[in-house]
Structure formats: structure tokens, C-alpha cells
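Next come the chains, spelled out residue by residue.
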Amino acid sequence: MLLEQPGQVGSLRLKNRVLMAPMGTNYSTTDGLSTERDKRYYEERARGGVAMIMTEAMVVTEQARPHHNSLCCYHDRFIPGLASIVEAIKRHDCHAFAQLNHRGALLRRSVLNMEPVGPSPWANPNTGDRVRPLAVPEIVEIQKLFVAAARRLWLAGYDGIEIHAGNGYLFQQFFSQRINHRDDQYGGSIENRMRFLLETVDRIRSALPRLCLVIRLSVSEFVEGGYSAEEIRHLAQTLEAAGVDALDLSGGSNESPQLSKYCIQPPSFPRACLADLSKPIKQAVKIPVFVAGRLVEPADAEQVLASGSADFVSVGRALYADPHWCLKAFGKVKAPIRQCIACNVCFERLTLEKDVACVQNPMIGTEFETLENAEPQLFKQSSQHKQRVLVLGAGIAGMEAARVLRGHGHTVEVWEKQSRTSGQIPLAIAAPDKLEVEPAWTYRRDSVQAMGVPVHAGVNADAARIRAFAPDFIVLATGSQPAPPPAFTKELASSVRVMHAWDVLKQLDDLPPGLRVTIVGGGMVGAETADALRVRGVQTSVLEMQPLIANGMARNNRLELVERLAADGVRLVTDCRILGGSGTGLDIQIKDAQQSRHEIGDWLVFATGPKPNLEVLDMVEATGIPYARVGDCNAPGDFLAALRDAWMVAVSVTTQAERKAESASTAAH
């Protein structure tokens, strides 16, 4: 396996070809100091087998912080905390690198009142903030700040640093002729547009000759007027000549969702999507090249190396999802990989100034993320506090609870009322590109099967049957059900079929020709239902009360979805209130306009949210057996909420059993 082969970066020998990409967490303090949470997070990924960890982007000046809780290194006070992170990483035969960055024009006044600065007057496309051009003395000062920050990282024990010169940030802004319109020594010719970065490299090389130095570049801006393939190859060769030890290749620019999607790719992007563009750059230089871009499974990364597109793979979101990706890939941990599903909840949370979270790994950044907690079945469990647990519902939340409970050594059975397991998963993967979501289910299903947990479908649970099973605890994971349609639908003509989005998604392969559909509710479910109808040629309108379609979806994914809906003629109506309906139409009001009439067509589809399915709640309570509700039957939400519920309720069963045993032991003495 090429991934397992050792490699060389500068003077450093790396034990394999897998590197952890620099990804934000927002786990630090608001002052930028590292925390125990940071340390746990990075150490678990070092323990998971990667050869090198690139810690998240750190700013070189207090005037350029991207997030409220981002790590910093612009002052000596940050050195001790960063040193503790490095020490934790190096315990596991893993090299520690740090990324240094200045976002320049992409700084946001709304976050920390940071002033956007860049090569030339411009406007941040994300915010509309005006960008102030840097004067030459300010450019020199920023270069010195990079050197000072690099020295602190060296003192903290880092093996190397990466200068972020891609993804639309300050150095890329200077390199891009569409943004850099200067007429001095830092603008115009390619040599001048490279000057800012090359001078910074030279200063760091002179000050810290033993520090390994990597540069991150975007293989392309993916926009008209962006730099050419020849220009980025020339920059790569010039950096090699300047003494850089390696290049780390990403793509796009975070200046807008349209371009950010090439950096943080939605599920519609192919696996290893940057490999073809990285290959010519690798062929142009002799130093090692890393590449990122939708590397989900080991096979994706293996193919990148085999094709000669890179020397190392830079794995990002896949290590949010599973810190033990490498050990599982190499067969050293006998458990399936929790695959990244490209939902981009992680990226969206950072954008919203929240701590990073992961649908596939709901315990990320906590003490419960360790291998012992994530895959408890791999470790010997005490039988002293074993419980008998019944899980009602074999959807994703129920199976997650069963997985963790059985891994902790409890006796578990799963009962499902429907004739099949998987809950709402078939609906979740019905729309275009949503098959990438399926690993969230298959990981849990396969794990439960491998553990030998009995899963019974077609079971109508009643009090007598539950008492006969005699559980110590019940996990209620019965999911949700569609809310009833509004009363006005009784006034509609018989020719209009009223249904829920779930009903539509169940019959996508059996739609009548010439169908015309109106969807009420343009959230994620409504928008994805429209997408599924779009590809089948159905004339569709979506009426949404909020200003945004698919609000709540990660913005890169949302924007791409909305663009393709609009491009294919799906009518998207936002700020729309449904006042009532009769005959074949709805009475609607768009913003503050006059009431108008919307003709429904053949089907009126509601995607306005489900309600918890609590059909068995009274019966469960009547048994007197302790229970907990998890997932949608607790509160309809997303996979992240459901899986967090399930994992932590399962852990709490063990904790409660241990506490009861301790109490009994104390009382006996």
C-alpha cells in the first residue's frame, strides 16, 4: 500500500504518506490561548496514525484574527500552550507543523472588527466590506510578523511551518492579477506579484534555516480572470528555487461560496477532485507535493499517489469524521472507517463562529472521542455492571445507541416496527448527490451486525412483550412522522393531490408524465425534493416563508443546490406566506406585496417539518422501566443531533449502572 510507505519532507522522515490538513476548530479561548480541548483533539489524531499534523491556521497579528476562538501565535504568551499541543502530537511518532496565515481582504469587520486589507482597493464579496490597500511599509511589517510567529512556533517545538498562500488569502490576493492592480514593485508582472510571498520566504529561511518550510497554494482560482496554469507552475518552481521544502495544494478561494466550494467541496464533487490539476504542478518541481480534495476513503488517497499526482495526501474533513482513519486504513484497528459525508456542517459551524462539529463523529473535541469510546467493542469491558437494554427503532439513532451499548458490554436488542430497518435513510439519499450520506447509516448498521446485536424488524412492541424481555433500560428511537396538512387543504379540488415530501421521495421512480408540483416549505427537505423532481423533468415550484431556500444547509452545499434548481427552471419563491387555498390554487403573499394566486398544479407537497413519533411513549411509561428518547422522537433535527443523543444516552447507561453499583457497595459497608 503506497499510503503506508515512509517519505521525506526536507530533513524529516515521515512514517507514511498521510498528513492531517490544517482545519479550524474554535476550541481555543477567546484570547487565542490553547486549551485542554485543543490538545485532546490533536493528540487523538496523532494517535490515529497520521505521519504529520498541520495545526489550524494561526494569525501573525492580533489585527487579523479570523474567528473568536482561533489559535494564535502573535505573542510569546502563546508559546507554552502551543508547546503542550506539540508535545501531545509527538508522543505518537507524528511530526507537528503549524500553518501561518493572514486573510487580508477576507477579514470580516462583523467578527472582530478586523480591517480588510489587500494589494488594491476591492470589496470582500462575502460581506461587501471595503478593502484598504497596504502601503509598502505595511507589507514589510507583515513579513516581519510572519518571521516572528515562525520563531515562536520553532521555540514551541514545531518541526515546520506552512505559509498559507492559497484559498483566496493575502498572499494569493497579491498573486492574482484580477485582485492585484498595483503599479509598484508588488504589482503588474508575475515577478512583482510573487514578490510579497518570496520575500517572506527569504526572511523566514534566513532567520530559521533549520525549520522545515511548506507553502500552501490553490491549484486554480476557478474563476474568469484568475491566474493561469502556467503562472501557478511558475510560482511553484520559483518557490522550489527559493528553498521551500514542500508544496501543499488546495483549490479555489474562500472569498465567496461559488469559489469556496473548490476548497470545501460539496458532495457533488468527485473524489480526489484536485488530483488532475495537481499533477502538472508536481511534474514541474522536484520537492514533495501534498494534495487535498475529497479524499474520503483510503482507496481515493491511494489512487492519487499511484497516479503521480502527489507525494503525500493532505486529509482534512475525513479526519474530523474519524481520527483513527489511518490505523483503520492500515488494518491496525479492526473497525470500519466513519466516512466523511461532505455535509460541511463542520465548515458551516466555523463560519457561524461555533466550535467545529461533525455529523459522523458527534463527540469530536471531547473526552468521548478516544478510540476506547468511539470503538468500545475493541476493548475488554467489565461484565460487573452489564445491563439489559431494549432499543425501540432501527433508524440511525437507534442503531448508534445499540452500537455503543453493545460495545460497552451490555446485552442489547433492537426492535423495529417497520418491515425494514434504516428509518429515514432511504429518503435522505433519494435526491441527487445524496448517496454520499449513506455511510452515516452503513457504518452503524455494519458495526451492529458485526457485534451480533439481534435486530428484529416487523415487531409491534407492547407492554407484555417488553416485560417478557425484562430490560433494565429502554432507548426510545422511534423517529418522527409527517405533521398533518393545514385545514385549508380540505377546500382544494379533488384533482389536487395533497401529500408530504416523504411520500414523494418514496415514489420517485414512478412519477406520472407531465407532472406539475408545488412544494410548500423550502428548507433542506423541500429543496432536495425539488432537486429530485428536477432531474426527472417535473415542473416544480417551491414556496418558502424564510428569505433563503435550504436555510440551515452548509452554505457551499446550499448555494450549489439553489443554483442548479434555478438554472433548470424550478420556481423558487421566498418570503412567501400561505394565506389559504381553495380549488386548484393557493392564496399567497410575497413580502409586502398584495395577495396573489398561485396555481398548484397536480400535487401539493408539504415539506414543513415532521413531529416526534411518540405512539409507544405511554405504553413504555406504563411499564415503569427507565427510558430515554433519542433522535427525532426526542426533537426532530439533523443527523448530528440524533447521533449525539444516541451516543451519550448509551454512555449514560454505563455511567448510571456504575454509580448505582458504587452506591450499593457503600451502603453495604
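Here the structure is shown first, and the text comes after it.
Thresholds applied
- Residues numbered from 1 in each chain as written.
- Predicted model: local features only at pLDDT ≥ 70, side-chain atom pairs only at ≥ 80, totals over all residues.
- Heavy atoms only, no water.
- Helix = DSSP H or I, 4+ residues; strand = E, 2+ residues; numbered from the N terminus.
- Rg over C-alpha atoms; globule rule 2.2 N^0.38 Å.
- Buried < 20%, exposed > 50% of the residue type's maximum accessible area, 1.4 Å probe, protein only.
- Contact = heavy atoms within 4.5 Å.
- Areas by Shrake-Rupley, 256 points an atom, 1.4 Å probe, with all protein chains shown as cover.
- Lys, Arg positive; Asp, Glu negative; His and termini not counted.
- Charge placed at Lys NZ, Arg CZ, Asp CG, Glu CD.
- Pairing = 2+ DSSP bridges.
- Axes fitted to C-alpha atoms, helices over the stretch in contact; angles between N-to-C directions.
- Salt bridge = Lys/Arg side-chain N within 4 Å of Asp/Glu carboxyl O.
- Parallel < 35°, antiparallel > 145°, perpendicular 65-115°, else oblique.
- Left-handed = near helix turned anticlockwise from the far one by under 90°.
- Right-handed = clockwise from strand over helix to strand, strands pointing away.
- Polar contact = N/O pair within 3.5 Å; in protein donor to acceptor, adjacent residues only side chain to side chain.
- Core = buried A, V, L, I, M, F, W, Y, C linked by side-chain atoms within 4.5 Å.

**Remarks on the overall build of the protein**
Counting its regular elements, the protein contains 23 helices and 28 strands. The C-alpha radius of gyration of the protein comes to 27 Å, within 12% of the 26 Å expected for a compact globule of 669 residues. Summarising its shape, the C-alpha atoms of the protein cover approximately 80 × 75 × 45 Å along the three principal directions. The burial tally for the protein puts 58% of its 669 residues in the buried class. Sequence-distant contacts in the protein: of pairs separated by 6 or more residues, those separated by 24 or more amount to 72%. Of the roughly 25,900 Å² that the protein leaves accessible, carbon and sulfur atoms contribute 49%. Between the centroid of the 72 positive side chains of the protein and the centroid of its 75 negative side chains there is a distance of 2 Å.

**Structural notes on helix α10 (residues 298-306)**
In an α-helix there are 3.6 residues to a turn, and that puts residues three or four apart on one side. Of all the residues in α10, the buried ones are Pro298, Asp300, Ala301, Glu302, Val304 and Leu305. Buried residues in α10 make contact with α9 (275-284), β12 (289-291), β13 (312-315) and α12 (325-329). One or two residues past the end of α10 sits Gly308, with phi positive at roughly 80°.

**Section: the sheet that holds strand β15 (residues 411-416)**
The 5 strands lie next to each other as β16-β15-β14-β17-β28, forming an open sheet whose pairing is parallel. The open sheet has two edge strands, β16 (455-457) and β28 (627-629), and neither has a second partner. Going across the sheet, the axis of each strand differs from the next one's by a mean of 15°, ignoring polarity. Alignment of strand β17 (residues 473-476) against β28, held across 3 bridges, turns out to be parallel. Paired with Leu476 across the bridge in β28 is Arg629. Those strands touched by helix α23 (residues 639-668) are β14 (388-392), β17 and β28, and its axis lies near 175° from that of β17.

**With respect to the pattern of salt bridges**
For the structure shown, the criterion picks out 44 salt bridges. Note that Arg233 and Glu230 form a salt bridge whose closest N and O atoms lie 3.9 Å from each other. Taken together, the positions of Arg233 and Glu230, both in helix α7 (residues 229-241) and 3 residues apart, correspond to about one turn of that helix. Put simply, Glu375 and Lys328 hold a salt bridge, and the shortest N to O gap is 2.7 Å. Here Glu375, found in the loop between α14 (371-374) and β14, pairs with Lys328, found in helix α12; they are 47 residues apart in sequence, far enough to count as distant. When its relative accessible area of 0% is taken as the criterion, Glu375 is described as buried. Of the residues examined, Lys328 reaches a relative accessible area of 7% and is grouped as buried. Connected through salt bridges with shared partners, the residues Asp322, Lys328, Arg338, Glu375, Glu400, Arg403 and Arg444 form a single ionic network.

**Thoughts on the packing of helix α1 (residues 36-47) against helix α2 (residues 79-90)**
Contact geometry of α1 with α2 gives a least axis separation of 8 Å together with a crossing angle of 25°. Comparing their axes, α2 and α1 come out roughly parallel. Our pair here, α1 against α2, has a crossing hand that is right-handed. Contacts from Asp38, Lys39, Tyr42, Glu43 and Ala46 of α1 reach α2 at Ser84, Ile85, Ala88 and Ile89.

**What about the sheet that holds strand β9 (residues 160-164)?**
Pairing within the closed barrel is parallel, and its 8 strands lie in the order β3-β4-β5-β9-β10-β11-β12-β13. Taken pair by pair, the neighbouring strands of this sheet meet at an average axis angle of 25°, ignoring direction. Relative to β13, strand β3 (residues 18-20) runs parallel, the two sharing 3 bridges. Bridge pairing in β13 places Val18 opposite Val313.

**Details of unusual backbone geometry**
Although it is not a glycine, Asn344 adopts a positive phi angle of roughly 65°. Even without being glycine, Glu353 reaches a positive phi, approximately 65°. Within the fold, Glu353 resides in the loop between α13 (345-351) and α14. You can call Glu353 partly exposed: its relative accessible area is 21%.

**Describing the pairing of β14**
Judged by how many residues are buried, β14 sits mostly within the fold: 4 of 5 residues are covered. By the bridge criterion, 5 bridges tie β14 to β15 in an arrangement that is parallel. In the sheet register, Val391 faces β15, and the bridge partner there is Val414. In the classification by handedness, the crossover that spans β14, the intervening helix α15 (residues 396-407) and the parallel β15 is right-handed. By the bridge criterion, 4 bridges tie β14 to β17 in an arrangement that is parallel. Among the inter-strand pairings, Leu392 is bridged to a residue of β17, identified as Leu476.

**Brief notes about the side chain of Glu44**
As for its placement among the helices and strands, Glu44 is situated in helix α1. In terms of polar contacts, Glu44 uses its side chain to reach the backbone amide nitrogen of Leu371, at 3.2 Å. Those residues in contact with Glu44, other than ones at most four positions away along the chain, are Pro323, His324, Glu369, Thr370 and Leu371.

**Concerning the nonpolar core**
Counting 99 residues, the largest nonpolar core has Leu100, Ile163, Ile215, Leu239, Leu247 and Trp325 as the members making the most contacts within it. Every residue in contact with Leu247, bar those within four places of it in the chain, is listed here: Val214, Ile215, Leu217, Ala236, Leu239, Ile281, Val285, Ile287, Pro288, Val289 and Phe290.

**Structural notes on the pairing of strand β24 (residues 585-590)**
The buried count for β24 comes to 5 of 6 residues, which makes it a mostly enclosed element. Pairing of β24 with strand β25 (residues 596-599), which is carried by 4 bridges, proceeds in the antiparallel orientation. Residue pairing across strands places Ile588 opposite Ser596, the latter belonging to β25.

What is shown is where atoms sit, not what they do.
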